[in-house]
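Survey of secondary and tertiary structure
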Amino acid sequence: RKEVEQDPGPFNVPEGATVAFNCTYSNSASQSFFWYRQDCRKEPKLLMSVYSSGNEDGRFTAQLNRASQYISLLIRDSKLSDSATYLCVVNKAGNQFYFGTGTSLTVIP
Amino acid sequence: DGGITQSPKYLFRKEGQNVTLSCEQNLNHDAMYWYRQDPGQGLRLIYYSQIVNDFQKGDIAEGYSVSREKKESFPLTVTSAQKNPTAFYLCASSIGAGGRNTEAFFGQGTRLTVV
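Small disclaimer: the values here were computed from a predicted structure and weren't measured.

Now for the overall build of chain A. Helix and strand counts for chain A stand at zero helices and 11 strands. In sequence order, the secondary structure elements of chain A are arranged as β-β-β-β-β-β-β-β-β-β-β. Over its C-alpha atoms, taken along the principal directions, chain A stretches across nearly 45 × 30 × 20 Å. Of all intrachain contacts in chain A linking residues separated by at least 6 positions in sequence, the fraction that spans at least 24 positions is 56%. With an accessible surface of roughly 5,000 Å², chain A has 48% of that area assigned to carbon and sulfur atoms. Treating the 11 positive side-chain charges of chain A as one cloud and the 10 negative ones as another, the clouds have centres 4 Å apart.

What follows deals with the layout of surface pockets. Computed from the structure, the largest pocket encloses a volume of approximately 500 Å³. Within the lining of the largest pocket, the residues separate by chemical class into six nonpolar, 11 polar and five charged. Estimates place the volume of the second largest pocket at around 300 Å³. Forming the walls of the second largest pocket are 14 residues, and the residues nearest its centre are A:K2, A:F99, B:L43, B:R44 and B:D59. At the level of elements, β10 (97-99) of chain A together with β5 (43-51) of chain B are the ones that each hand at least two residues to the lining of the second largest pocket. Considered class by class, the residues forming the lining of the second largest pocket number seven nonpolar, three polar and four charged.

Now for the interface of chain B and chain A. For an interface, size is often stated in terms of accessible area lost upon the parts coming together. The interface is formed by 25 residues belonging to chain B together with 21 residues belonging to chain A. Across the chain B to chain A interface the summed buried area is about 1,900 Å²; carbon plus sulfur atoms make up 50%. Run the count over chain B and chain A and you get zero salt bridges. Connecting chain B to chain A are three residue pairs in polar contact (both at pLDDT 80 or more). Secondary structure elements with two or more residues in the side of chain B that touches chain A: β4 (31-37), β5 and β9 (87-94) of chain B.

The subject of this paragraph is the side chain of B:R68. Residues and elements named next belong to chain B. Residue position: R68 is located in the loop between β7 (64-66) and β8 (76-78). Although R68 is buried, it forms no salt bridge, and the closest oppositely charged side chain is D30 at an N-O distance of 5.9 Å. A polar side-chain atom of R68 sits 2.7 Å from a polar atom in the side chain of S49. Within the local environment of R68, its side chain forms a polar contact with the backbone oxygen of K71, the two atoms lying 2.7 Å apart.

Throughout the structure, instances matching the rule amount to two disulfides over all chains. With a sulfur-sulfur separation of 2.0 Å, A:C23 is cross-linked through a disulfide to A:C88. On the S-S bond that ties A:C23 to A:C88, the torsion sits near -75°, and the link is left-handed. Highlighted residues: A:C23 in strand β3 (residues 19-25) and A:C88 in strand β9 (residues 84-91), separated in sequence by 65 residues. Take A:C23 and A:C88: they sit in the same class, and that class is buried. Note on cysteine connectivity: B:C23 is disulfide-linked to B:C91, with sulfurs 1.9 Å apart.

Right, let's get into the pairing of strand β11 (residues 110-114) of chain B. Residues and elements named next belong to chain B. Relative to β11, strand β2 (residues 10-13) is paired through four bridges, and the arrangement is parallel. Across the sheet, Y10 pairs through a bridge with R111, a residue of β11. For β9 and β11, the ladder comprises three bridges, and the chain directions are antiparallel. Along β11, the bridge assignment pairs A87 with L112.

Another point: the nonpolar core. In terms of nonpolar packing, the biggest core is built from 24 residues, with A:F21, A:W35, A:I71, A:L73, A:I75, A:Y86 and A:L105 touching the most fellow members. Those elements that provide at least two residues to this core are β3, β4 (32-38), β5 (45-50), β7 (60-65), β8 (70-75), β9 and β11 (103-108) of chain A. When residues no more than four places from it in sequence are discounted, the contact partners of A:Y86 are A:Q6, A:F21, A:W35, A:Y36, A:R37, A:L47, A:L73, A:I75, A:G102, A:T103 and A:L105. Within the second largest apolar cluster, 19 residues are counted, among which are B:L11, B:A61, B:V66 and B:V78.

Definitions and limits used
Residues numbered from 1 in each chain as written. Chains lettered and ligands numbered in written order. Predicted model: local features only at pLDDT ≥ 70, side-chain atom pairs only at ≥ 80, totals over all residues. Heavy atoms only, no water. Helix = DSSP H or I, 4+ residues; strand = E, 2+ residues; numbered from the N terminus. Contact = heavy atoms within 4.5 Å. Areas by Shrake-Rupley, 256 points an atom, 1.4 Å probe, with all protein chains shown as cover. Lys, Arg positive; Asp, Glu negative; His and termini not counted. Charge placed at Lys NZ, Arg CZ, Asp CG, Glu CD. 1 Å grid on protein atoms, 1.4 Å probe; cavity = no way out; pocket = protein on both sides within 12 Å on 5 of 7 lines; lining within 4 Å. Points joined across faces, edges and corners; volume = space filled by probe spheres on them. Nonpolar A, V, L, I, M, F, W, Y, C, P; charged D, E, K, R; others polar. Buried area = accessible area lost by both parts, 1.4 Å probe. Salt bridge = Lys/Arg side-chain N within 4 Å of Asp/Glu carboxyl O. Polar contact = N/O pair within 3.5 Å; in protein donor to acceptor, adjacent residues only side chain to side chain. Buried < 20%, exposed > 50% of the residue type's maximum accessible area, 1.4 Å probe, protein only. Disulfide = S-S within 2.5 Å. Pairing = 2+ DSSP bridges. Core = buried A, V, L, I, M, F, W, Y, C linked by side-chain atoms within 4.5 Å.

Now the structure itself:
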């Protein structure tokens, strides 16, 4: 079983739409959780860390459910510039990072 | 500016050759990582190092070698034993073990093509 599983999409949404991505992780010892954004042929960049209490950064909201081992990312009022691949990342003790395969988002004018 | 630098950005290798990819960071991070990304796939861990002079194999270490002689440097050698080396290689660093929510910072990547 993979450490981190994501729906690969693709998600094609119109501008202004709300879109949600989900991710599950297999190891209950996982300690830290992140969403990264990766543009085509570029390196991944941190979008936001994910906390148990949930956290929001502008149009982006991340949630963590430790009991269900589930992480989500909600993007409101989608912009064309949000088009990218979104990677779910989990960090275990020993500081190893595990990456999902990514969810592709295209925002359509 | 603090950051992590990979070079070269593009690299072409003939079959049977060894090549070395450079990764340097000035973030004073203890941990460094090498990942490989193939089209349509996620990042797969090749090697990682938690501290100078120590490194561990990741999930796909065969055909690769690394060294960690200095804190700021973690070069990756792709040897001729790696049968399918064409890929996008990403180096990353993080503060180190024991720190919660310590995210990974990435270099810009090296795109290796076997010709």
